[in-house]
Amino acid sequence: MNKARRNPVNIAAAHGILILYTVIALFPVFVILINSFKTRRAIFREPLALPDADSFSTVGYETVFNQGDFFGYFQNSMIVTVASLFFILLFGAMAAFALSEYRFKGNTLMGLYLALGIMIPIRIGTVAILELMVDTGLVNTLWALILVYTAQGLPLAVFILSEFMRQVSDDLKNAGRIDGLSEYTIFFRLVLPLVRPAMATVAVFNMIPIWNDLWFPLILAPAEATKTLTLGSQVFIGQFVTDWNAVLSALGMAILPVMVLYVIFSRQLIRGITSGAVK
Amino acid sequence: MTALSLKNVNKSFGSVHVLKDIDLEVEDGEFVVFVGPSGCGKSTLLRVIAGLEDATSGTVEIAGEEVNTVPPAKRGIAMVFQSYALYPHLTVRGNMALGLKQEGRTKQVIEDRVAEAARMLSLGEYLDRRPSELSGGQRQRVAIGRAVVRQPKLFLFDEPLSNLDAALRMNTRVEIARLHRTLAASMIYVTHDQIEAMTLADKIVVLRDGRVEQVGSPMELYNNPANRFVAGFIGSPAMNFLPAEIVGGKKGQMIGIRPEYLRITDQGRLQATVTHVENLGGDTNVLATTEDGHPVTLRLFGQHSIQPDKIIGLDYDDAKSYLFGEDGERVVVA
């Protein structure tokens, strides 16, 4: 922005609003983190105080590590999230490419059908899904979760990606065809790199609900070996007594991997490599 | 030998009939330009020749072989696109080499051909850069180089100069003409710019609404347009059209006079009021309106100072004028 258009009042106001929003958004995370390092009594007496010499305690983290297979849960969550994202992006991008690139009968209808899933929550079909998983013997496997999350994420992925794929230059794809590239090479080598920002958007949109989901892990894979982190943390929440130290510690640690994944994807959002390819 | 022959080619998108019964022959080593207004089907025709679109009916033959069912890469063609369409993730060298690699050429052949093309297009120092680090003109040269290395039987250019600025356009135009001379290759060039068409072509194909209006050498089209459309499209400024009856002709017919063949005299068949004067240094374009409200353009050589609103008399030689019937077809005066 040049100097003439810079107005200190506007800048201050804009930053004020952004800072306020950041504080509001981060406040719950902050409260979780500070309280996870406090004794139980301190959590209830002064929930907003920072841990000091008296109230500091790592008892929550000790409980989490001693009780249950925390790293196992963690690993399950990671596998399910990463695998689901991989399949959502792969199949979503492929379907989007076909819809945007090829003229065939029923193209529009197919696009609408695939987008319909955005409007229908997948949880409505929980009973049917459970029956299906029981019949196919997939209950209590991570595959059950991966398949369900892939199905849940695909509609939005196809919808967003096909819009972006339409913007990829036709000339570029045709140049590839004239140079003898196969349709798969054109898709993977020419088109996918150009829609990377859109892929990152789709990944971020899908990642957080999958990571945080409690519903499907509870129903489809509640066994000890396949518990996800969110489900695993529930052992500390009882009907009568809740081990708040442990719950807060588990939640605090659950935030980290999502943050790492988010940083990876959000870098892609910013980077554009299309410049220079086509005018 | 014929480099390309189209027989009865038709193309429809759904119910829209884009190309209608196109018949065309391109001789070996010929430079053919497709020209026409936007949406006349010239790019579609090029894409049908390239194999990027299938013809709805008719046959496409390249170098004597029918290629209707041959994929683009195996047709022995190379194409240069308006938007350059370079691969963003590859260097200039990689861009030029990719097609050859796909054909399974040896490393040595690829290296030699890329070096040769780079020399021809003076791209030597840019071989290791990526497209994003090149200027528009350099990118278009890379795109041309990518076509040259394949040594195709037929070059296809799809409005290759439209994205370049005026000075660069002229340079690249000269470069393409030079390339055509050195390679002696058959080339098809699509443009809507009639100056490109006139300066580059051995043969111009004028298209309108998916039909071939006229085929001929640039001077043939200029001197002998078959109909009013071609007459108006070729030549700049465009030909003047006036109802023939105001100069004593038949009602309904139109008379066409090129701006350069109108002259100012006191005793002219036409009277007109000057509305605007464009001084170009070498030429002067005078825009005027005749008594009964028809706009005419005159092109005078050299510099003239003519004031707007001046009333001038205009005349022309009958031998340098054209007569068009009500249907737009040329009426040849015996």
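**Student:** Honestly, the domain arrangement of chain B in this entry has me stumped. Any pointers?
**Tutor:** Where interface size is quoted, it is often the accessible area lost as the parts come together. All names here are of chain B. In terms of domain boundaries, chain B breaks down into domain 1 (2-230) and domain 2 (240-331). Centre-to-centre, using C-alpha coordinates, domain 1 lies 37 Å away from domain 2. Here the residues of the side of domain 1 that touches domain 2 sort into three nonpolar, one polar and one charged.

**Student:** What exactly am I supposed to notice about the nonpolar core here?
**Tutor:** Buried together is how nonpolar side chains tend to be arranged in soluble globular proteins. With 134 residues, the main nonpolar core has Leu145 and Leu161 of chain A together with Val33, Leu156 and Ile188 of chain B as its most contacted residues. Of the residues forming this core, the biggest block, 13 residues, is contributed by helix H7 (residues 142-166) of chain A. With near-sequence residues (within four places) excluded, leucine 161 of chain A lies in contact with Gly92, Ala93, Ala96, Val195, Ala198 and Val202 of chain A. Residues Val64, Phe236, Leu248 and Ala254 of chain A belong to the second largest nonpolar core, which totals 11 residues.

**Student:** I keep staring at the packing of helix H8 (residues 170-178) of chain A against helix H9 (residues 183-194) of chain A and nothing clicks. Help me out?
**Tutor:** The relative placement of two packed helices is expressed as an angle between their axes plus a distance between the axes. Residue and element names in this part refer to chain A. Look at H8 against H9: their axes get within 11 Å of each other, and the N-to-C directions meet at 140°. Between H8 and H9, the angle falls in the class oblique. At the point where H8 passes H9, the crossing takes the right-handed sense. Here H8 contributes Leu172, Lys173, Gly176 and Arg177 to the contact with H9, which in turn contributes Ile186, Leu190 and Val191. Residues belonging to the contact of H8 with H9 are distributed by class as follows: four nonpolar, one polar and two charged.

**Student:** Before we go on, may I ask you to explain the domain arrangement of chain A in this structure?
**Tutor:** All names here are of chain A. Looking at the assigned domains, one finds that chain A contains domain 1 (1-57) and domain 2 (60-270). Computed from C-alpha coordinates alone, the two centres of domain 1 and domain 2 are separated by 30 Å. At the junction of the two partners, domain 1 supplies seven residues and domain 2 supplies eight residues. Those elements that provide at least two residues to the side of domain 1 that touches domain 2 are helix H1 (8-36) and helix H2 (40-45).

Each value, and the rule that gives it
- Residues numbered from 1 in each chain as written.
- Chains lettered and ligands numbered in written order.
- Predicted model: local features only at pLDDT ≥ 70, side-chain atom pairs only at ≥ 80, totals over all residues.
- Domains from an automatic or database assignment.
- Nonpolar A, V, L, I, M, F, W, Y, C, P; charged D, E, K, R; others polar.
- Core = buried A, V, L, I, M, F, W, Y, C linked by C-beta atoms within 7 Å.
- Buried ≥ 20, exposed ≤ 12 C-beta atoms within 10 Å, placed from the backbone.
- Helix = DSSP H or I, 4+ residues; strand = E, 2+ residues; numbered from the N terminus.
- Contact = placed C-beta atoms within 7 Å.
- Axes fitted to C-alpha atoms, helices over the stretch in contact; angles between N-to-C directions.
- Parallel < 35°, antiparallel > 145°, perpendicular 65-115°, else oblique.
- Left-handed = near helix turned anticlockwise from the far one by under 90°.

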